[in-house]
Amino acid sequence: MGVGFWQYWQLGLREGERRVVRYVRLLEEMGLTTMLWLAAVACLVTAVSTNLVNDKYFVHEEGEVQAWTPKEPINCSILTKSYQKNQVEVVCVGLSSLAEVEERVAAEVRSSVTALTIDKSTLTKINTDDLHTFPALTSLSFNNSLLSGWVLPIGGQVPHVTTLVLYRCYDSYSKLVDSTHPGLALTTNILNTLPELEVLHLVECYLYSLHLLSPPSTLHNITIQGGGAECQEESLWLMKEERVQITKNTTCFIVNYKFGKLETKFSFVDKSFVSTMGYWQDMVRDCPKLCVCTLTGMRNIRSPMISVICSNVGLRQIPEVIPELSTTISLDKNLITNFSRVFTNPLYRHLDTIHLEHNLITHMDGRLFYLFARDRPLDLGINLSHNRLTHFPVDDVQPLYDEALEKGIYHLPVFGLGYNPWNCDDCSFLPGFQKLVYHQYYEHQHQYRDIRCQEGPREETSRQQVVKLDVVGMCQPDPPVLKPMDVLIICLSLLLVLFILNFLHNYFQYRRHGKLPWMITKIPFC
């Protein structure tokens, strides 16, 4: 039924209970017990339909913040400090304009009022000209109130308010922070309404549009305690201003505009504002000169998601300095030839996405990559498409997959390798590379279609898809020149030739010199 209906129902029950009791007594006196349930239902429906709201605001099903209309009578109380009788504090509840304060405070007291607190009020027009009869007023506080329509003072008798306290306040034009907290747009108009303001305390407020606030030099102190503030780059000035103090329990929030709940920016919600903006401040400081850095979300309070965009800026080498906790870097469309610094620079150790497509890269150091990628807790993706790679360090990458399989790890490196001139004539490289490509992209066939061999004279490999090559047929070893039988025949033939030559030698020795061969002389029967 929506949040608005539920609030109506809860608040209507209290009024309904009182009416039911009255009807029951009346029916008992009249003896009309058969009509008891019908009367009770009628009372509850009537009570729910009344315009009752809670102490802050109510929400329609569309999510609009509606103004709270006080039903309690306007009341102002005067508090006098016992040790400072000349200083009077006035507390008013249920106002609709500042002019009502003058109507409810006696003239003889107004000149002594130094502090004014307005509680549970709806002020759609705030003009300090209405307080000109309070010349001693220096402190102004709003609690649990709707504040909008700050008007610049016209008269010259504006009270010298130096301290403004806003406790759980919101404005009628704010968007919901969540289902329970409306926001307060903190703009320069608030400060212009109080030209002599020196101290601003914001307690349990949910502040947005902080970039529209330009504190004047007279404002010496801004304190944000609890509540929340919109986390965006435009709020960084709060971290740089020495006069701004923000407590650790102040959290981030994202104004509930109409964008998808799955966007990473919603991960800021409920994270510490000081810690989150501290990461943002460090990111802006360390962002490379030609690059754009953005904080897109928070995995947890210690793991920001930082993107470094250095696309198409003419870089010839990897930047030396990037934000320390960067998770994504885009170096595509540059003139980079070597990217080993990504694997050796400690500032790059948290990266999980690296874009290097459309560069001039010809080599990847496999050993450095292995040391960089092993034992990583997150997936790692490196896009090397549209480069000049002919070989890939398969022997260094494959052990990562083998070790992960043994340990049951599913976070493995993924590479973009399309549109490179791969050397498919090198059979020492091709079999392992084809296996790697197949296992990388078997679920995404449209990606490995672009991993092709370089253009060359061999038709069987020129511009062919690597995964479709007949590697077994192409890389079979050449048959040996001599078979074992051939070797045996050659050896026997050589022995026969040697035997014949030796026989001829012995024969001529005997004919000329009558000398028998040495072996014959050693035989006993000769």
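Residues numbered from 1 in each chain as written. Predicted model: local features only at pLDDT ≥ 70, side-chain atom pairs only at ≥ 80, totals over all residues. Heavy atoms only, no water.

The protein is annotated in an unreviewed UniProt entry as Protein singed wings 2 from Petrolisthes manimaculis.

1. Things to note about the overall build of the protein
When you go through the protein residue by residue, the secondary structure sums to 15 helices and 24 strands. Counting only residues that meet the buried cut, the protein has 42% of its 526 residues in that class. Once local pairs closer than 6 in sequence are excluded, the contacts in the protein between residues at least 24 apart make up 59%. Within the structure as shown, the protein displays about 29,900 Å² of accessible surface, and the carbon and sulfur contribution to it stands at 55%. (Helix = DSSP H or I, 4+ residues; strand = E, 2+ residues; numbered from the N terminus. Buried < 20%, exposed > 50% of the residue type's maximum accessible area, 1.4 Å probe, protein only. Contact = heavy atoms within 4.5 Å. Areas by Shrake-Rupley, 256 points an atom, 1.4 Å probe, with all protein chains shown as cover.)

2. Focus: the packing of helix 9 (residues 366–373) against helix 10 (residues 394–407)
Viewed as axis vectors pointing N to C, helix 9 and helix 10 meet at an angle of 25°, and their least axial separation amounts to 8 Å. The pairing of helix 9 with helix 10 is recorded here as roughly parallel in orientation. Touching Gly366, Arg367, Phe369, Tyr370 and Ala373 of helix 9 are Asp396, Val397, Pro399, Leu400 and Glu403, all from helix 10. (Axes fitted to C-alpha atoms, helices over the stretch in contact; angles between N-to-C directions. Parallel < 35°, antiparallel > 145°, perpendicular 65-115°, else oblique.)

3. Concerning the state of the cysteines
The term disulfide refers to a covalent linkage connecting the sulfur atoms of a pair of cysteines. One pass over the full model with this rule turns up 6 disulfides. Cys231 shares a disulfide with Cys252; S-S distance 1.8 Å. Its S-S torsion of approximately -55° makes the covalent link between Cys231 and Cys252 left-handed. Taken together, the residues Cys231 in the loop between strand 16 (228–230) and helix 6 (237–240) and Cys252 in strand 18 (residues 251–253) connect sequence positions 21 residues apart. Like Cys231, the residue Cys252 is buried in the burial classification. Two residues share a disulfide in this structure: Cys291 and Cys310, whose sulfurs sit 1.9 Å from each other. Of note, the bridge from Cys291 to Cys310 carries an S-S torsion of about 110° and is right-handed in sense. (Disulfide = S-S within 2.5 Å.)

4. Overview of unusual backbone geometry
Phi at Asn144 takes a positive value of approximately 50°, unusual for a residue other than glycine. Following the sequence through the fold, Asn144 ends up in the loop between strand 8 (139–143) and strand 9 (146–147). In this structure Asn144 comes out as buried when scored by relative accessible area, which is 16%.

5. Examining the UniProt feature "transmembrane region" (unreviewed entry) in the protein
In the numbering adopted here, UniProt assigns the feature "transmembrane region" (unreviewed entry) to residues 487–508. Regarding residues 487–508, the helix share stands at 100% and the strand share at 0%, and the terminal C-alpha atoms are separated by 32 Å. (UniProt positions renumbered as here; feature names shortened; annotations may be inferred.)

6. Looking at the pattern of salt bridges
Counted under the stated rule, the structure contains 10 salt bridges. The partner of Arg243 in a salt bridge is Glu241, with the nearest N and O atoms 2.9 Å apart. Of the residues examined, Arg243 reaches a relative accessible area of 18% and is grouped as buried. A relative accessible area of 26% places Glu241 in the partly exposed class. For Asp352, the salt bridge goes to Arg299, with nearest N and O atoms at 2.7 Å. With Asp352 in the loop between helix 8 (341–344) and strand 22 (353–355) and Arg299 in strand 19 (residues 292–300), this pair connects stretches of sequence that are 53 residues apart. (Salt bridge = Lys/Arg side-chain N within 4 Å of Asp/Glu carboxyl O.)

7. A word on the pairing of strand 21 (residues 326–330)
Burial runs high along strand 21: 5 of the 5 residues are buried. Note that strand 20 (residues 303–309) and strand 21 share 4 bridges and pair parallel. Bridge pairing in strand 21 links Ile309 to Ser330. Where strand 21 and strand 22 come together, 3 bridges link them in parallel fashion. When the sheet's bridge partners are listed, Ile329 is paired in strand 22 with Ile354. (Pairing = 2+ DSSP bridges.)

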